[in-house]
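If you want the building blocks of each chain, they are given just below.
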Amino acid sequence: MNKTKLFHELHHGEQPLVLPNAWDFGSAAVLAAEGFPAIGTTSLGVAVAAGLPDGTGVTGAATMALARLLARLSVPVTIDIEGGFSESPTAVGEYAAELAELGIAGINLEDGRAESTLADPDHQAELIAAIKERVPDLFVNARVDTYWVQDDIDRTLARAERYVAAGADGIFVPGLTDPDGIARIVAAIPLPVNILYSPTGPSIAELGALGVRRVSTGSLLYRTALAVAIDTARAVRADAPVPHAAPPYTEIQALTD
């Protein structure tokens, strides 16, 4: 089956699509090998791996370079493109089209901007519409960043409804963990709703019962990987037992076959 079509269908299963977010080819390949049916990317991981800041629109080249590698995977891949790396609807549409030509199944487009500001929702809707006009089949997950700025369910719904009307395929509300708020979003939005997993928030089963169709890990895996690397380096320095078992070299090398 076409990977883009499969990715759309994965949002309508009996359980939420648990979408792990990778930051390089190796992390994506091991997650695919683990049996995850689709892989996303984390803009923080991609940015920091390239020595660049996240959320400032400067990682377009690094993101595209990673997308070229991840398109080799056998599972659908969705790419986080921050705010689109441009305010020009035409440019954002062309960037999305280049990803689609590589075989990428979806994108994540956020309305958050630098310094904890939000894009004008009408302009953000123009970006979404431009993408859908240029590549109709690409799954556009429209991220509403109101909960990173201020908990405001009404403002969140107003933005989400505007993006639905512009042609988005899914709505992503990171930072929302309140079950009542999640239920209200799901009830009001006729598209698959994506929630960012929180270790202190609802479980996957609880999110599924609330009607959530996709659960992303965001930067959690990347940040955890850095923590494991620090713990391991400290253990070696202290001549203490290594706290985590590492896969053998040959297993990781085989990911590039």
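Residues numbered from 1 in each chain as written. Predicted model: local features only at pLDDT ≥ 70, side-chain atom pairs only at ≥ 80, totals over all residues. Heavy atoms only, no water.

Caption draft 1: A look at the packing of helix H4 (residues 60–70) against helix H5 (residues 89–102). Remark: H4 packs on H5, axes separated minimally by 9 Å, with the N-to-C direction vectors making an angle of 15 degrees. Of the possible angle classes, the one that applies to H4 and H5 is roughly parallel. H4 and H5 meet at a crossing whose hand is right-handed. Residue-level inspection shows Gly60, Thr63, Met64, Ala67 and Arg68 of H4 in contact with H5, the latter providing Tyr95, Glu98, Leu99 and Leu102. Residues belonging to the contact of H4 with H5 are distributed by class as follows: 5 nonpolar, 2 polar and 2 charged. (Axes fitted to C-alpha atoms, helices over the stretch in contact; angles between N-to-C directions. Helix = DSSP H or I, 4+ residues; strand = E, 2+ residues; numbered from the N terminus. Parallel < 35°, antiparallel > 145°, perpendicular 65-115°, else oblique. Left-handed = near helix turned anticlockwise from the far one by under 90°. Contact = heavy atoms within 4.5 Å. Nonpolar A, V, L, I, M, F, W, Y, C, P; charged D, E, K, R; others polar.)

Caption draft 2: Examining the nonpolar core more closely. Membership of the largest hydrophobic core comes to 55 residues, with the highest contact counts inside it found for Leu99 and Ile131. In contact with Ile131, not counting residues within four places along its chain, are Val92, Gly93, Ala96, Ile107, Leu109, Pro136, Leu138 and Val140. Core analysis: the next-biggest nonpolar cluster, separate from the first, contains 6 residues, Phe7, Leu19, Ala105 and Phe139 among them. (Core = buried A, V, L, I, M, F, W, Y, C linked by side-chain atoms within 4.5 Å. Buried < 20%, exposed > 50% of the residue type's maximum accessible area, 1.4 Å probe, protein only.)

Caption draft 3: Quick look at the packing of aromatic side chains. Scanning the entire structure with this criterion turns up 3 aromatic pairs. Above the face of the Phe25 ring, Arg72 is positioned so that its terminal group lies 4.7 Å from the ring centre. (Phe/Tyr/Trp six-rings, centres within 6.5 Å; stacked < 30°, edge-to-face > 60°. Lys NZ or Arg CZ within 6 Å of the ring centre and 35° of its normal.)

Caption draft 4: Here's a closer look at the pattern of salt bridges. Counted by the stated rule, this structure contains 10 salt bridges. For Glu98, the salt bridge is made with Arg68, and the minimal N-O distance between the two is 3.2 Å. With Glu98 in helix H5 and Arg68 in helix H4, the pair connects residues that are 30 residues apart, well separated along the chain. Taking the relative accessible area as the measure of exposure, Glu98 reaches 33% and is therefore partly exposed. For Glu110, the salt bridge is made with Arg143, and the minimal N-O distance between the two is 3.4 Å. On the criterion of sequence distance, the pair formed by Glu110 in strand E5 (residues 106–110) and Arg143 in strand E8 (residues 139–143) is long-range, its members being 33 residues apart. Per residue, the accessibility class of Glu110 equals that of Arg143, and both read buried. Linked through salt bridges whose partners overlap, the residues forming this network are Glu110, Arg143 and Asp145. (Salt bridge = Lys/Arg side-chain N within 4 Å of Asp/Glu carboxyl O.)

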